Amino acid sequence: MFRYSTLVAFCFAAIVAAGPCDIYASGGTPCVAAHSSTRALFSAYTGPLYSVTRGSDGTTTNINALSAGGVANAAAQDSFCARTTCVITEIFDQSGKGNHLTQAPPGGFNGPASGGFDNLAAATGAPVTLNGQKAYGVFISPGTGYRNDATNGIATGDAAEGFYAVLDGTHFNNGCCFDYGNAETSAHDTGAGHMEAIYFGTETTWGIGTGNGPWIMADLENGLFSGSNAKLNSGDPTITDRFLTAVVKGEANNWEIRGGNAQSGALTTFWSGVRPSGYNPMHKEGALILGIGGDNSNSAQGTFYEGVVTSGFPSDATENSVQANIVAAKYATTSMVSGPAVAVGSTVSLRATTACCTTRYIAHTGATVNTQIITSSNSTAIKQSASWTVVAGLGNSACVSFESRDTPGSYIRHINFVLMVNADDGTKQMHEDATFCPQAGLNGQGNTIQAWGYPTRAFRHFSNVGYIASNGGPDTFDATALYNDDVSFVVGAAFA
Ligand SMILES: *[C@@H]1O[C@H](CO)[C@@H](O)[C@H](O)[C@H]1NC(C)=O
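Analysis parameters
Residues numbered from 1 in each chain as written. Predicted model: local features only at pLDDT ≥ 70, side-chain atom pairs only at ≥ 80, totals over all residues. Heavy atoms only, no water. UniProt positions renumbered as here; feature names shortened; annotations may be inferred. Near = heavy atom within 4 Å. Polar contact = N/O pair within 3.5 Å; in protein donor to acceptor, adjacent residues only side chain to side chain. Areas by Shrake-Rupley, 256 points an atom, 1.4 Å probe, with all protein chains shown as cover. Nonpolar A, V, L, I, M, F, W, Y, C, P; charged D, E, K, R; others polar. Disulfide = S-S within 2.5 Å. Helix = DSSP H or I, 4+ residues; strand = E, 2+ residues; numbered from the N terminus. Buried < 20%, exposed > 50% of the residue type's maximum accessible area, 1.4 Å probe, protein only. Pairing = 2+ DSSP bridges. Expected span 1.5 Å × (residues − 1). Arc of directions from axis to C-beta. Phe/Tyr/Trp six-rings, centres within 6.5 Å; stacked < 30°, edge-to-face > 60°. Lys NZ or Arg CZ within 6 Å of the ring centre and 35° of its normal.

Looking at an unreviewed UniProt entry, one finds the protein chain named Alpha-L-arabinofuranosidase and attributed to Roridomyces roridus. UniProt lists a comment for the protein chain under the heading Catalytic activity (unreviewed entry), and it reads "Hydrolysis of terminal non-reducing alpha-L-arabinofuranoside residues in alpha-L-arabinosides."

Right under this line is the structure:
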């Protein structure tokens, strides 16, 4: 009896472990692309999930799942990226079709990075756990994007397809366009119906749903749609679940938007009906994008954990089973910070650790953030200019903000990657730009103060001025020389 029970338990476990793409295959609408930095989406998948490239020596390594069908080996990333920066270089297609996503090339709308290529995502921007095991999502800052213009097996013309993606419902903006799906192979806008992709955000130029957003909509090119011809679809709600499941699917003159909480419950259909006028038939081209529009518009932000593209129009029942699988994966938040504690409620100083500058502290002169030599014999005013009260992050309470000691109500924030001290104007932009997630110092001392909204960037002193800098990049303050030292600060007691 004992052996028999064990066998039954084993078989039950094997059935429960069917991945999202096993479910789509059972439904007759197989995955033709499957992307995730957090887990394998087929129960038998043992290949790489994604690759990371580190700043210290430019080398790249693949991150696999811990087991077939399992969660990503985040510890392998942490070890490879220790004491340096890492970016996600490639998100592998698990479907076997080779539809991998890599750094998006220049398009009709060029990226700000060198050569017009979009930026790559920080490897550590979106830590989470799945069933208690750590993994990292793909945190898309404005300017970041991934693409594949030469795919295999993705729908073209008016052919049917479906998508789902698991996203962070608290990370969005109104820029164009945080998309995942089917786009132009030329990376240029080739007209209405040349795209079909999940969109998530608060862009209101075209369609909208109820409330202030964000909404799940579809980017069909030359427009984001919440339904058919009407701008407002009152059936498409504002949805801000920390983890959300977004679904878009389309077939000849029929399409749907569905969504739900990725941590519990079922999917709800937000739109089911005919195409907007001018979108029947569709003219899909079959390229794949993540985090950008079809023409490489890259002003949007959002976080992607997993998603697929199917061949054929999945049934609601199939998607409902996929939703149950996602809920069972148990996505959860985890700490956004590391290194010495930077405690909310404390008042601190931030001392530079670069050899040139170990008596310098982050201070401000008016709105300008700089470093100053501070000692106990300076005036109270000078000492207060280099003292900061740590408060819960204005844009994300899992991180922190630094309130000026001499100007209460003003905070360190970045604008165009330059640090400033600005009064809190109450806007989402200000709050996000004033939110920082302290990490263990890259040079082994103190903390590296990562920008929440741009996790490839951190507080840096450069010529005694404060920036958020990346380890290499278009600006002089992104210089790789001395980067680890310049971004490491010892957080100590405040001067005043
Ligand atoms: C603080 O005092 C030291 C001398 O003790 C001086 O070198 C430094 O310039 C002063 N800092 C400022 C910001 O005036």
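With that settled, consider the site of the ligand. Around the ligand, the structure places Gln372, Ile373, Thr375, Ser377, Asn378 and Ile382. Between a nitrogen atom of the ligand and a main-chain N or O atom of Ile373, the distance comes to 2.7 Å. Contact with the protein chains removes 54% of the 360 Å² of surface that the ligand exposes when unbound. Residues belonging to the shell around the ligand are distributed by class as follows: 2 nonpolar, 4 polar and no charged.

Now for the state of the cysteines. All chains considered together, the criterion is met by 5 disulfides. The disulfide that involves Cys399 links it to Cys437, with 2.0 Å between the sulfurs. The S-S bond linking Cys399 to Cys437 shows a torsion near 90°; that makes this disulfide right-handed. Residue Cys399 is located in the loop between β24 (388-392) and β25 (400-404), and its partner Cys437 is located in strand β28 (residues 436-440); the two are separated by 38 residues in the primary sequence. Judged on exposure class, the residue Cys399 and its partner Cys437 are both buried. When the bonded cysteines of the protein chain are numbered from the N-terminus onward, they pair as 1-2, 3-4, 5-6, 7-8, 9-10.

Taking burial as the measure, the 8 residues of strand β15 (residues 244-251) include 7 buried ones, the bulk of the element. Sheet topology places strand β10 (residues 161-167) next to β15; 7 bridges connect them, and they run antiparallel. Within β15, the residue paired with Ala165 across the bridge is Ala246. By the bridge criterion, 8 bridges tie β15 to strand β16 (residues 254-261) in an arrangement that is antiparallel. Paired with Glu251 across the strands is Asn254, a residue of β16. Between β15 and β16, which pair antiparallel in sequence order, lie 2 residues; one of them, Asn253, sits at a positive phi of approximately 50°.

Below, the discussion takes up helix α4 (residues 316-328). Along its 13 residues, α4 runs 18 Å from first to last C-alpha, staying within 8% of the 18 Å computed at 1.5 Å per residue. Within α4 the residues assigned to the buried category are Thr318, Glu319, Val322, Gln323, Asn325 and Ile326. Buried residues of α4, seen end-on, are gathered within an arc of 160° and therefore sit on one face of the element. Phi for Lys330, located one or two positions after α4, is positive at around 55°.

Applying the stated criterion across every chain yields a total of 16 aromatic pairs. Taking the centre distance of 5.8 Å and the plane angle of 50° together, the rings of Phe402 and Phe459 count as tilted. Of this pair, Phe402 sits in strand β25 while Phe459 is found in strand β30 (residues 458-462), placing the two residues 57 residues apart along the sequence. Exposure remark for Phe459: the relative accessible area of 0% places this residue in the buried category. Taken together, the ring pairs in this structure connect Phe402, Phe436, Phe459 and Phe489 into an aromatic cluster. The cationic tip of Arg242 hangs over the ring face of Phe243; the distance from NZ or CZ to the ring centre is 4.4 Å. A cation sits over an aromatic face here: Arg457 above Phe417, 3.6 Å from the ring centre.

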